[in-house]
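Descriptive structure summary
The primary structure of each chain is shown beneath.
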Amino acid sequence: MKKIPLAIPHMSGKEMAYIEQAFAENWIAPVGPNVDLFEEKVCDYTGAGFATATSSGTAAIHLALQLLGVTQGDTVFCPSFTFAASANPIHYQGAEAVFIDSEMETWNMSPIALERALIDAKQKAQLPKAIIVVHIYGQPAKMTEIMALAKAYQVPIVEDAAESLGSLYEGVQTGTIGDIGIYSFNGNKIITTSGGGMLVSANKAWTQEAKFLSEQAKELSPYYQHEKIGYNYRLSNVSAGIGCGQMEVLQERIAQKRLIFEHYVEGFTRYIETFSNFPRITCQREIEGTFSNRWLSTIHIEGVHPLLLKEALDANGIEGRLLWKPLHLQPVFRKNRFFAEDVDAPISNAQHLFEGGLCLPSATQMTPKEQLYVIQTVAKFLIQAGESK
Ligand SMILES: *Cc1c(COP(=O)(O)O)cnc(C)c1O
């Protein structure tokens, strides 16, 4: 039996034409017409002013921090409940990540915890050089509150929209709300270039500087002249060709992802209404004014450890994955500071999410029959767990 995967690349069929063009014209380099076209397509879709395609989303975050002057001795605020790639570039720069708790509606950066961290930083005369906001699993964060705080304390915002391409906050595309946005086109994201990323901004000087740094910081000169440390972070023209083909189906993928999420909700609701001791399941809320691309459908369950559910799914050929383990609980970040939303709570919201949450198969190739099987397998396990209490 083939395994039902969490999320896998889903080609449109248009990608090969772009790649063949690249081969025909011998544009097999990190420059070429596909790179320009891909940047143009992402700008057109998101409304971003300018863009620089990069070899990964992580590289784009790293460049964003460079543009904002993050350096040794600085701090950068970052949610704890995210993938390590959100925070690692802070440490590439020799700066320190300060982790911020989640709120329980969207699971993203808590404005309450953020404000407490900013007050503390101001008192210590060490305001962060930047705030990285993540739209986790595709659900936009509470940007109105976060942007107001950023403005009040005059700290720039980097939006890590790696998971949320196509998601909207009050009609505006995530990635284009803060000062700099980044997208990822890694293999498991909503669209992929097999590996790649993009930095976007309304500030053309920044995207140009990002491009310059991503191409080894070669100064305009008849010989190799370098005045800054550069990187090899540019996206290849072949990969960008995949991106061009993928952009044509982004809208369709979002509709498919949202339908998958709705089917889970409908499926579980039926069980909750039928079985009185069915464990409580909650999902990430699409709060008013937001539109999620529902990159991954996730659930949070009370009273049953998600690892047990994951094992039950594995045994039935279904891939599930625990939610992000909070970064402030990771050994590598054990010395970093963390600001909880509720300082009196026994555990942070981020930890509470981790200890109860699971990502369910969300691949857009999943058939309705396969999804029904996933729902039934989850429900069967939860009914047994509920009865054994
Ligand atoms: C995937 C991801 C990244 C990193 O993107 P890559 O293209 O894999 O380098 C960064 N942040 C978040 C939240 C991600 O999910």
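Parameters and conventions
- Residues numbered from 1 in each chain as written.
- Predicted model: local features only at pLDDT ≥ 70, side-chain atom pairs only at ≥ 80, totals over all residues.
- Heavy atoms only, no water.
- UniProt positions renumbered as here; feature names shortened; annotations may be inferred.
- Helix = DSSP H or I, 4+ residues; strand = E, 2+ residues; numbered from the N terminus.
- Rg over C-alpha atoms; globule rule 2.2 N^0.38 Å.
- Buried < 20%, exposed > 50% of the residue type's maximum accessible area, 1.4 Å probe, protein only.
- Areas by Shrake-Rupley, 256 points an atom, 1.4 Å probe, with all protein chains shown as cover.
- Lys, Arg positive; Asp, Glu negative; His and termini not counted.
- Charge placed at Lys NZ, Arg CZ, Asp CG, Glu CD.
- Pairing = 2+ DSSP bridges.
- Right-handed = clockwise from strand over helix to strand, strands pointing away.
- Contact = heavy atoms within 4.5 Å.
- 1 Å grid on protein atoms, 1.4 Å probe; cavity = no way out; pocket = protein on both sides within 12 Å on 5 of 7 lines; lining within 4 Å.
- Points joined across faces, edges and corners; volume = space filled by probe spheres on them.
- Nonpolar A, V, L, I, M, F, W, Y, C, P; charged D, E, K, R; others polar.
- Domains from an automatic or database assignment.
- Core = buried A, V, L, I, M, F, W, Y, C linked by side-chain atoms within 4.5 Å.

In the nomenclature of an unreviewed UniProt entry, the protein is known as Aminotransferase class I/II-fold pyridoxal phosphate-dependent enzyme of Listeria newyorkensis. Listed in UniProt under the heading Sequence similarities (unreviewed entry), the comment for the protein reads: "Belongs to the DegT/DnrJ/EryC1 family."

**A closer look at the overall build of the protein**
Counting secondary structure elements, the protein contains twelve helices and 15 strands. Relative to the globule expectation of 21 Å for 389 residues, the C-alpha radius of gyration of the protein, 21 Å, shows essentially globular dimensions. In terms of overall dimensions, the protein has a C-alpha envelope of 75 × 60 × 35 Å along the principal axes. Across the 389 residues of the protein, 55% fall into the buried class. By element, 54% of the accessible surface of the protein is carried by carbon and sulfur atoms, the whole surface being about 16,800 Å². Across the protein, the centroid of the 32 positively charged side chains sits 4 Å from that of the 41 negatively charged ones.

**Brief notes about the sheet that holds strand β7 (residues 172-173)**
In spatial order, the strands read β7-β6-β11; together these three strands make up an open sheet with antiparallel pairing. Each end of this open sheet is capped by a strand with a single partner; those strands are β7 and β11 (290-291). Two strands pair when backbone bridges link them, and strand β6 (residues 168-169) and β7 are joined in this way by two bridges, in the antiparallel orientation. Looking at β7, one finds that Leu 168 is bridged to Gln 173.

**Re the pairing of strand β5 (residues 157-160)**
Residues Ile 157 and Glu 159 point to one face of β5 and Val 158 and Asp 160 to the other, with burial holding for every one of them. Relative to β5, strand β4 (residues 130-134) runs parallel, the two sharing four bridges. Directly across from Ile 131, in β5, lies its bridge partner Ile 157. Where the polypeptide runs from β4 across helix α6 (residues 143-153) and back to β5, its parallel neighbour, the crossover connection is right-handed. Sheet topology note: the β5/strand β8 (residues 180-184) ladder contains three bridges and is parallel. Its bridge partner being in β8, Glu 159 is matched across the sheet by Gly 181.

**Details of the UniProt feature "modified residue: N6-(pyridoxal phosphate)lysine" (unreviewed entry) in the protein**
Per the UniProt record, "modified residue: N6-(pyridoxal phosphate)lysine" (unreviewed entry) is annotated on Lys 189. Relative to the helices and strands, Lys 189 resides in the loop between β8 and β9 (197-201). For Lys 189, a relative accessible area of 11% corresponds to the buried category. Beyond its immediate sequence surroundings of up to four residues, Lys 189 is in contact with Ala 162, Glu 163, Ser 184 and Trp 295.

**Here we look at the layout of surface pockets**
Approximately 240 Å³ is the volume found for the largest pocket. Of the residues in the lining of the largest pocket, the class split is eleven nonpolar, two polar and three charged. Domain assignment of the residues forming the lining of the largest pocket places at least three in each of domain 1 (15-249) and domain 2 (251-387). What the second largest pocket holds in volume is close to 200 Å³. Around the second largest pocket sit 19 residues that line it, and Thr 58, Phe 83, Ala 85, Ser 184 and Lys 189 are the ones nearest its centre. When contributions to the lining of the second largest pocket are tallied by element, the ones reaching two or more residues are α3 (57-67) and β8. With three residues, α3 is the largest single contributor of residues to the lining of the second largest pocket. Class assignment for the residues of the lining of the second largest pocket results in seven nonpolar, nine polar and three charged.

**Side note on helix α11 (residues 349-356)**
Counting buried residues along α11, six of its eight residues qualify, which places the element largely inside the surrounding structure. Taken as a whole, α11 has its buried residues at Asn 349, Ala 350, Gln 351, Leu 353, Phe 354 and Gly 356. For α11, the elements touching its buried residues are β12 (297-301), α10 (306-315), β13 (321-322) and β15 (357-360).

**With respect to empty space enclosed by the protein**
Here the structure, examined in full by the defined rule, presents one cavity of 30 Å³ or more. As for the largest cavity, its lining consists of Ala 7, Ile 8, Pro 9, His 10, Lys 189, Ile 190, Ile 191, Thr 192, Gln 246, Arg 253, Lys 257 and Thr 364. For the lining of the largest cavity, the per-class residue count stands at five nonpolar, four polar and three charged. Counting the residues that make up the lining of the largest cavity, at least three belong to each of domain 1 (15-249) and domain 2 (251-387).

**Observations concerning the pairing of β9**
The two faces of a sheet get side chains in turn, since along a regular strand they alternate between them. Across the five residues of β9, five count as buried, placing the element largely inside the fold. Neither face of β9 is left uncovered, since the one carrying Gly 197, Leu 199 and Ser 201 and the one carrying Met 198 and Val 200 both have all their residues buried. Of the pairings in the sheet, the one linking strand β1 (residues 50-54) to β9 comprises five bridges and is antiparallel in character. Note on β9: the bridge partner recorded for Phe 50 is Ser 201. Relative to β9, β8 is paired through four bridges, and the arrangement is antiparallel. In the strand pairing of β9, Gly 181 is matched with Val 200.

**Here's the deal with the nonpolar core**
Among the nonpolar cores identified, the biggest contains 66 residues, and Phe 38, Ile 90, Tyr 137 and Met 198 are the most heavily contacted of them. A domain-level breakdown of this core finds at least three residues from each of domain 1 (15-249) and domain 2 (251-387). Ile 4, Phe 278, Val 304 and Phe 354 belong to the second largest nonpolar core, which has 26 residues in total.

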